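What follows is each chain in one-letter form.
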Amino acid sequence: SLSGGGFAVAISQPLPPQVLLRVSIKLDSQGGVVPAHGKVVGSQSLFGGRYLIRCAFVELAEEERDHITQYVF
């Protein structure tokens, strides 16, 4: 899941709240990749030993946030 404020991912292990995740978000077929960091703001246990981790973007440049928001809309 992706929004202008953050992202959510499903992973196989829980993460403590103080963890920062580093992700590369590919937004289009032209190779436009936005490197981003996310602070864990919530987690939820799913079936099959998976976890939904919700993160808020940290120190994301305004133009990158705008690019993500335009891509989502």
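Just above sits the structure.
This one's a predicted model, so the numbers in the text were calculated from it and none came from an experiment.

Caption draft 1: The arrangement of the overall build of the protein chain in detail. When its secondary structure is counted, the protein chain shows 1 helix and 4 strands. Going residue by residue from the N terminus, the α and β elements of the protein chain occur as β-β-β-β-α. Over its C-alpha atoms, taken along the principal directions, the protein chain stretches across nearly 35 × 25 × 20 Å. Out of the 73 residues in the protein chain, the part that is buried amounts to 25%. Counting contacts in the protein chain only where the partners sit at least 6 residues apart, residues at least 24 apart contribute 49% of the total. One way to put it: in the protein chain the 6 positive side-chain charges average out to a point 15 Å from where the 6 negative ones average out.

Caption draft 2: Geometry of the sheet that holds strand β2 (residues 20–26). Spatially, 4 strands are ordered β1-β4-β3-β2 in an open sheet, and the strand pairing comes out antiparallel. Single-partner strands in this sheet number two, and they are β1 (6–11) and β2. Sheet twist, expressed as the average angle between the axes of neighbouring strands with direction ignored, equals 40°. Packed onto the sheet, helix α1 (residues 62–72) meets β2, β3 (33–45) and β4 (51–58) and runs at close to 70° relative to β3.

Caption draft 3: Representation of the nonpolar core within the structure. Counting 13 residues, the largest nonpolar core has Ile25, Phe57 and Ile68 as the members making the most contacts within it. Looking at this core, the elements that each hand over two or more residues are β2, β3 and β4.

Caption draft 4: Spotlight on the environment of Gly49. Its place among the elements puts Gly49 in the loop between β3 and β4. Taking the C-alpha atoms as reference points, Gly49 and Gly4, separated by 45 residues in sequence, lie 28 Å from one another. Gly49 has contacts with Ile11 and Ser12, leaving out every residue within four places of it along the chain.

Caption draft 5: Just the packing of aromatic side chains, in detail. For the structure on display, the rule yields 1 aromatic pair. Ring geometry for Phe7 against Phe57: centres 5.7 Å apart, planes inclined by 45°, an arrangement best described as tilted. Of the two residues, Phe7 is situated in strand β1 and Phe57 in strand β4; the sequence distance between them amounts to 50 residues. For Phe7, a relative accessible area of 8% gives the class buried.

Each value, and the rule that gives it
Residues numbered from 1 in each chain as written. Predicted model: local features only at pLDDT ≥ 70, side-chain atom pairs only at ≥ 80, totals over all residues. Heavy atoms only, no water. Helix = DSSP H or I, 4+ residues; strand = E, 2+ residues; numbered from the N terminus. Buried < 20%, exposed > 50% of the residue type's maximum accessible area, 1.4 Å probe, protein only. Contact = heavy atoms within 4.5 Å. Lys, Arg positive; Asp, Glu negative; His and termini not counted. Charge placed at Lys NZ, Arg CZ, Asp CG, Glu CD. Pairing = 2+ DSSP bridges. Axes fitted to C-alpha atoms, helices over the stretch in contact; angles between N-to-C directions. Core = buried A, V, L, I, M, F, W, Y, C linked by side-chain atoms within 4.5 Å. Phe/Tyr/Trp six-rings, centres within 6.5 Å; stacked < 30°, edge-to-face > 60°.

These figures come from the coordinates and say nothing about function on their own.
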